[in-house]
Amino acid sequence: MKIPVDDIPQSPKEITFSERIEELNDLYSKEGAADFRFPSQLGVSLVYYRSGQELFFHGQLDGEIAARCGRCLDDYVVRLNRQFDWVLTPAPAKTGRGAEELKSGELGLSFYSTDEIDLTPLIAEQVMLALPTRPLCADTCRGLCDRCGANRNSESC
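Predicted, not measured: the structure shown is a model, and the values here were computed from it. (Residues numbered from 1 in each chain as written. Predicted model: local features only at pLDDT ≥ 70, side-chain atom pairs only at ≥ 80, totals over all residues. Heavy atoms only, no water.)

Asks: Which parts of the structure should I look at to understand the packing of helix α1 (residues 23-30) against helix α2 (residues 119-130)?
Replies: Between α1 and α2, the shortest axis-to-axis distance is 11 Å and the interhelical angle comes to 55 degrees. As far as their axial angle goes, α2 and α1 are oblique. Where α1 crosses over α2, the handedness of that crossing is right-handed. For the pair α1 and α2, contact is made by Leu24, Leu27 and Tyr28 and by Ala124, Val127 and Met128, respectively. (Axes fitted to C-alpha atoms, helices over the stretch in contact; angles between N-to-C directions. Helix = DSSP H or I, 4+ residues; strand = E, 2+ residues; numbered from the N terminus. Parallel < 35°, antiparallel > 145°, perpendicular 65-115°, else oblique. Left-handed = near helix turned anticlockwise from the far one by under 90°. Contact = heavy atoms within 4.5 Å.)

Now the structure itself:
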């Protein structure tokens, strides 16, 4: 979804929409990882507003992602319910001297330099941040037998 910068009001505006995230499947398949399979759509609730040139976004992702357990290789569902906050500020003007060094006060900032804000890459980033680093179907998952390969959650060696 794209929001024109000029359409961002000073008073908070709330919207709910579905964001396409199936491109993340392509990203994961190129990396050779089969841990996650992303649905075509993910629900997003978003409140946005401006204060001067700064743009503020507060939202929540809601949906389910298919995952494969890193211990037993069974499929299970990861429920996403992640809140996020972004503040975008105008990109600093280029001085023509090449790459600019960031000042310490700018390290946590995100910048925009176009007339519209494309939310898709920002939302995809939040989905990636919400994923577990090692997917497990349960904390108590016993994994596969190292001798015979049996799933120790449901059968014995």
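Read on, since the account is not over.
Asks: What am I meant to see in the packing of aromatic side chains here?
Replies: What describes a pair of aromatic rings is the distance from one ring centre to the other and the angle between the planes of the rings. Applying the stated criterion to the full structure yields five aromatic pairs. Look at Tyr48 and Phe57: their rings are 6.2 Å apart centre to centre, the planes differ by 25 degrees, and that puts the pair in the stacked class. The two residues Tyr48 and Phe57 agree in class, both being buried. Through a chain of ring-to-ring contacts, three or more aromatic side chains come together here, namely Tyr48, Phe57, Phe84 and Trp86. (Phe/Tyr/Trp six-rings, centres within 6.5 Å; stacked < 30°, edge-to-face > 60°. Buried < 20%, exposed > 50% of the residue type's maximum accessible area, 1.4 Å probe, protein only.)

Asks: Please clarify how the pattern of salt bridges should be interpreted in this entry.
Replies: Side chains carrying opposite charge are able to pair once their charged atoms draw close together. In the structure shown here, the tally under the stated rule is six salt bridges. Its salt-bridge partner being Asp62, residue Arg79 comes within 2.7 Å of it at the nearest N-O pair. Note that Arg79 is positioned in strand β6 (residues 75-90) and Asp62 in strand β5 (residues 54-68), a separation of 17 residues in sequence. For Asp62, a relative accessible area of 35% puts it in the partly exposed group. (Salt bridge = Lys/Arg side-chain N within 4 Å of Asp/Glu carboxyl O.)

Asks: When you look at the nonpolar core in this model, what are you seeing that I'm missing?
Replies: One recurring pattern in soluble globular proteins: nonpolar side chains tend to sit buried together. The biggest cluster of nonpolar side chains holds 36 residues, and the ones touching the most others in it are Phe38, Leu46, Phe57, Ile117, Leu119 and Val127. Only β2 (13-20), α1, β4 (41-51), β5, β6 and α2 provide two or more residues apiece to this core. For this core, the element with the highest residue contribution is β6, accounting for six residues. Not counting the four nearest positions on each side in its chain, Phe38 is found in contact with Ile21, Leu24, Asn25, Tyr28, Ile65, Val127 and Leu131. (Core = buried A, V, L, I, M, F, W, Y, C linked by side-chain atoms within 4.5 Å.)

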